[in-house]
Amino acid sequence: MRAALRSPIGLALLLAAVWAGASWWREAQAERLGAEVAATARSGDIRMISSRSCAYCRQARAWFTAHRVPFDECFVETEAACAQAYALLQTPGTPVLLVRDQRVLGFSPQRIAAALR
């Protein structure tokens, strides 16, 4: 085994195996978290205040959709009530998620799951 690790090919194979295992683990954890949020969230639990030009809003929307998480969304550029709610929250950017009336700044599945617990 030691001789294999000393060769560049053996070391490359070991690193590739470690990288693949870590990637699989991260993906499995993300799927588990998505399933947890989907099972916990009910209609009306998550409201996302978005901007049409916000890349993180698009990422959050895609994640919610992929994991079949119910959420409501409003856009500050096109909805006066949404713009007013955004202004009252005095946040530095979008998305702002209101998870069971708890404010979550930015998109973080981990923080969303914690707020739902």
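Attention in this report is confined to the structure presented alongside it. (Residues numbered from 1 in each chain as written. Predicted model: local features only at pLDDT ≥ 70, side-chain atom pairs only at ≥ 80, totals over all residues. Heavy atoms only, no water.)

### Let's talk about the overall build of the protein chain
Of the regular secondary structure elements, the protein chain holds five helices and four strands. At 20 Å, the protein chain has a C-alpha radius of gyration far larger than the 13 Å of a compact globule built from 117 residues. Per-residue burial for the protein chain yields a buried fraction of 32% across its 117 residues. Sequence separation of 24 or more characterises 60% of the internal contacts of the protein chain that already satisfy a separation of 6 or more. When the accessible area of the protein chain is evaluated, it comes to approximately 7,500 Å², of which 60% is carbon and sulfur surface. Across the protein chain, the 14 positively charged side chains and the 9 negatively charged ones have centroids separated by 11 Å. (Helix = DSSP H or I, 4+ residues; strand = E, 2+ residues; numbered from the N terminus. Rg over C-alpha atoms; globule rule 2.2 N^0.38 Å. Buried < 20%, exposed > 50% of the residue type's maximum accessible area, 1.4 Å probe, protein only. Contact = heavy atoms within 4.5 Å. Areas by Shrake-Rupley, 256 points an atom, 1.4 Å probe, with all protein chains shown as cover. Lys, Arg positive; Asp, Glu negative; His and termini not counted. Charge placed at Lys NZ, Arg CZ, Asp CG, Glu CD.)

### Some details on the sheet that holds strand β1 (residues 46-50)
Whether parallel or antiparallel, the strands of a sheet pair through hydrogen bonds between backbone atoms. Sheet architecture is open: four strands sit in the order β2-β1-β3-β4, paired in mixed fashion. Of all the strands in the sheet, just β2 (72-75) and β4 (102-105) have a single pairing partner and so form its edges. In this sheet, adjacent strand axes meet at a mean angle of 20° when their direction is disregarded. Here strand β3 (residues 96-99) runs beside β4; their pairing, made up of four bridges, is antiparallel. Bridged to valine 99 within β4 is glutamine 102. (Pairing = 2+ DSSP bridges. Axes fitted to C-alpha atoms, helices over the stretch in contact; angles between N-to-C directions.)

### Notes on unusual backbone geometry
Omega for the peptide link from threonine 94 to proline 95 comes to 5°, which places this bond in the cis form. Mapped onto the fold, proline 95 is located in the loop between α4 (80-89) and β3. Positive phi is not limited to glycine here, since glutamine 90 has a value of about 50°. The phi dihedral of arginine 100 falls on the positive side, at around 50°, and the residue is not glycine. As for its placement among the helices and strands, arginine 100 is situated in the loop between β3 and β4.

### As for the state of the cysteines
Using the criterion set out here, one finds one disulfide in the structure. Residue cysteine 74 pairs covalently with cysteine 82 via a disulfide, S to S 2.2 Å. Across the disulfide from cysteine 74 to cysteine 82, rotation about the S-S bond amounts to roughly 65°, and the bridge is consequently right-handed. (Disulfide = S-S within 2.5 Å.)

### Some words on the side chain of threonine 91
Here threonine 91 shows up in the loop between α4 and β3. Those residues in contact with threonine 91, other than ones at most four positions away along the chain, are Tyr86, Val96, Arg103 and Leu105.

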